[in-house]
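Geometric and topological summary
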Amino acid sequence: MTTSSPYPSMPLPFIMTDDTGRFYINEDTAQVLGRIKKPVVVVAIAGKYRTGKSFLMNRLASEWITKVVECVNGWVMCGFVTRSEGESSLHHSKEPDGEELTNVRSMVKRWAMIGPGKFEQTEPKARPALPTPRRSRDDTFISLASSGFSLGNTVQSHTKGIWIWPVRHPRDERKCLLLLDTEGLGDVEKANGEHDIWLFVMAVLLSNILVYNTVGTLDHSGLEQLQYAKDVAQYVKTTVESHKDNPKDLDKYFPSLIVCVRDFILKLELNGYPCTADDYMEHCFKIRKPETQRGQEEANKTFNKQRDIMCQYFKKRKCFTFPMPVNPEDLSKLETIPDKDLKPGFLEVANEFTSHIHQEVKYKNIDGVILTGQLFLQVAGMYIEAQRSGDMVCIENTRVQVVQLANLQVVEDAKGLYQKEMESILVDFPLKTCQLYKHHEKCMEKALDLFYCHAVLDWEHTHEKELLEHMENMCVSLVTHNKQQSQEKCRIRLKELYWLVDEQYQDFMQPGGFMKYQAVMKKIEEDYFETTGLGDEMTSMYKEFLEQNMESGKAILLVDKTLTSVQQQNMEYKLKEARMALELNTMKEAQENQEKEISSLHNQYQNVLKLFSKHIGVIKTHTDENIEDIEQNHEEKMDKNKKCIIS
């Protein structure tokens, strides 16, 4: 049986606009995103409409599309694809590894906020699937163009709202690449300019790589839409208390910027010397000196302020200048032109562009909170709620809620993993308690590893402590169950062995019978303690067995008149001595188990510290956060909450 994959075979409508100009999330697409548990790298593209943004996004997904198309076309050649008249029956293709690509009607559980700081898991209602794209009768084979973002060839904006395409990352299967294609900015058909600003805000906040697409040059007109950055502070605040942030407060939440200048026909020269595309961009971002263009002081002041804000927000930036891909008369057919027919210069830059983005190792994160597809969906919902209500987006509120959501989900996942691993040894019960504790330590380490890989730094160790307490309680429960299993198995074994006494009981009730009785009991003891798999309760249960049968021994001893009073006293002394030895063994075993439990708790604490250090390494590698601040804060909290991990 095949399993569902979270990767759809085509882009999906994500953030749409209703009749009142307010954003909303397409619910079918939300179900697809809700299935993605991998960390995401989010690439968004923005720029003026009709500048070929969708073409660039399709280039980024080209490695994925190629695999899908090759597989689907293989299906067609083998006769596995059927069509009704005028319509393809194939809505989703197959991955090369045989997994089914996702159906947008698949049901997923996700966390929903039901009140301030309160969440519950909900089961989304079934909704109609997205419409199957219609194709012509002769369109048997699926092309790259038909699988990617839609490209228009008219003067109208072709992409409406924000479309999303989750694809497997071409260079790292541990990540998911989310491609966001935004509606073109500056469309004359829009009702108001605020719509464009909110689109830009969404692209900025949701991505960790922002591609800005423009045509011709980076003059005032080319940078016009990028200047929306100056308005972001009116729509976004970093903390609950702040009313208006400056660039230094917001810059760490901005993505890295990649400027793509399309149809670039100028020579890359500055002051008569060759320069790089990055040099050209920095020159265009440079502020004007006061002595330049006298009489334009006010215009220069505005110009410099805009450039200064853009440079403050987008500290990490790069530029690519694309020459014309084909002759002007063929631009309308760009989506159908194969790579071999594109101009070599354009193809070279396009390959450099895709390679640069595919090599990005940073995950999308908010203050160190690494987002999965599920969390990305929740974050987008919070931003949209702010837009719909007319409020400012608050990063602090978003982070707090995402931390809560992330940790709620990962605690449940870690609990499930621990329970599954621990229950795998139930068939081997009863075990030695030390074996059970060793298995507990291994299972706990796996669960904590999962927790630290996906959870957010929890300064007060609230969720960490919840997980540890759950595992400790379950371990105690299993230890009790293991003890009961050991007791039951010991009882059964002793009952099996004691039949010799029942069988010969009358033979013991005569002179000399007590010596025979002792010999049988000695044989029972030897056979019992040679039995394997009885667990830690062997000694205590044998002691209980002797106490239960003491009266029978006394009765046999009383009947046996051949023994002298001295012999009887010696026999009773030996019985007491045996019982004391059993009690000492029981106490010794209890002490050993207690020492092993203390050692297990110590190892547990050391594992927590070790796994946290491993988690810090993940954040260092995959986010741009100030890791020194995070480590310092954590050390301070650890000093205050050492008893919080093991109570």
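Residues numbered from 1 in each chain as written. Predicted model: local features only at pLDDT ≥ 70, side-chain atom pairs only at ≥ 80, totals over all residues. Heavy atoms only, no water.

On a plain count of helices and strands, the protein chain comes out with 21 helices and 18 strands. Counting across all 647 residues of the protein chain, residues that qualify as buried make up 48%. When contacts within the protein chain are restricted to residue pairs at least 6 apart in sequence, long-range pairs at least 24 apart make up 75% of them. (Helix = DSSP H or I, 4+ residues; strand = E, 2+ residues; numbered from the N terminus. Buried < 20%, exposed > 50% of the residue type's maximum accessible area, 1.4 Å probe, protein only. Contact = heavy atoms within 4.5 Å.)

What follows concerns the sheet that holds strand E12 (residues 256–262). Pairing is mixed across the open sheet formed by 8 strands, whose spatial order is E2-E1-E8-E9-E3-E10-E12-E15. A single partner strand is all that each edge strand has here, and the edge strands are strand E2 (23–25) and strand E15 (317–321). Strand-to-strand twist in this sheet, taken as the mean axis angle between neighbours without regard to direction, amounts to 20°. Where strand E3 (residues 40–47) and strand E10 (residues 209–215) come together, 5 bridges link them in parallel fashion. Within the sheet, the bridge partner assigned to Gly 47 lies in E10 and is Asn 213. Contacts from helix H2 (residues 53–60) reach E3, strand E8 (162–168), strand E9 (176–182), E10 and E12, with the element oriented near 170° to E9. Here helix H10 (residues 373–389) sits on the sheet and contacts strand E1 (12–17), E2, E3, E8 and E9; the angle it forms with E2, its principal contact strand, is near 155°. (Pairing = 2+ DSSP bridges. Axes fitted to C-alpha atoms, helices over the stretch in contact; angles between N-to-C directions.)

Per-chain confidence: the protein chain averages 78 in pLDDT, with 72% of residues scoring 70 or above. Confidence scores differ between elements of the protein chain, with strand E5 (residues 87–88) showing the lowest mean pLDDT of 35 and E15 the highest of 96. Below pLDDT 50 for its whole length, residues 123–146 participates in 53 contacts with residues either more than four positions away or in separate chains. Between residues 151–158, whose pLDDT stays under 50, and residues either more than four places distant or in other chains, the model counts 21 contacts. (pLDDT = per-residue confidence, 0-100.)

A few words now on the pairing of E9. Burial runs high along E9: 7 of the 7 residues are buried. Taking every second residue as pointing to the same face, both faces of E9 are buried, with Cys 176, Leu 178, Leu 180 and Thr 182 on one and Leu 177, Leu 179 and Asp 181 on the other. Of the strand pairs in this sheet, E8 and E9 are connected by 7 bridges, and their pairing is antiparallel. Its bridge partner lying in E9, Trp 165 is registered against Leu 179.

With that out of the way, let us pick up the pattern of salt bridges. As a working rule, side chains carrying opposite charge can pair if their charged atoms are close by. As enumerated under the stated definition, the model contains 19 salt bridges in all. For Asp 536, the salt bridge is made with Lys 432, and the minimal N-O distance between the two is 3.7 Å. Of this pair, Asp 536 sits in the loop between helix H16 (513–530) and helix H17 (538–548) while Lys 432 sits in the loop between helix H11 (395–423) and helix H12 (433–454), placing them 104 residues apart in sequence. Residue Asp 536 is classed as buried on the basis of its relative accessible area of 17%. Given the relative accessible area of 39%, Lys 432 is considered partly exposed. By sharing partners, the salt bridges in this structure join Asp 18, Arg 22 and Arg 388 into a single network. (Salt bridge = Lys/Arg side-chain N within 4 Å of Asp/Glu carboxyl O.)

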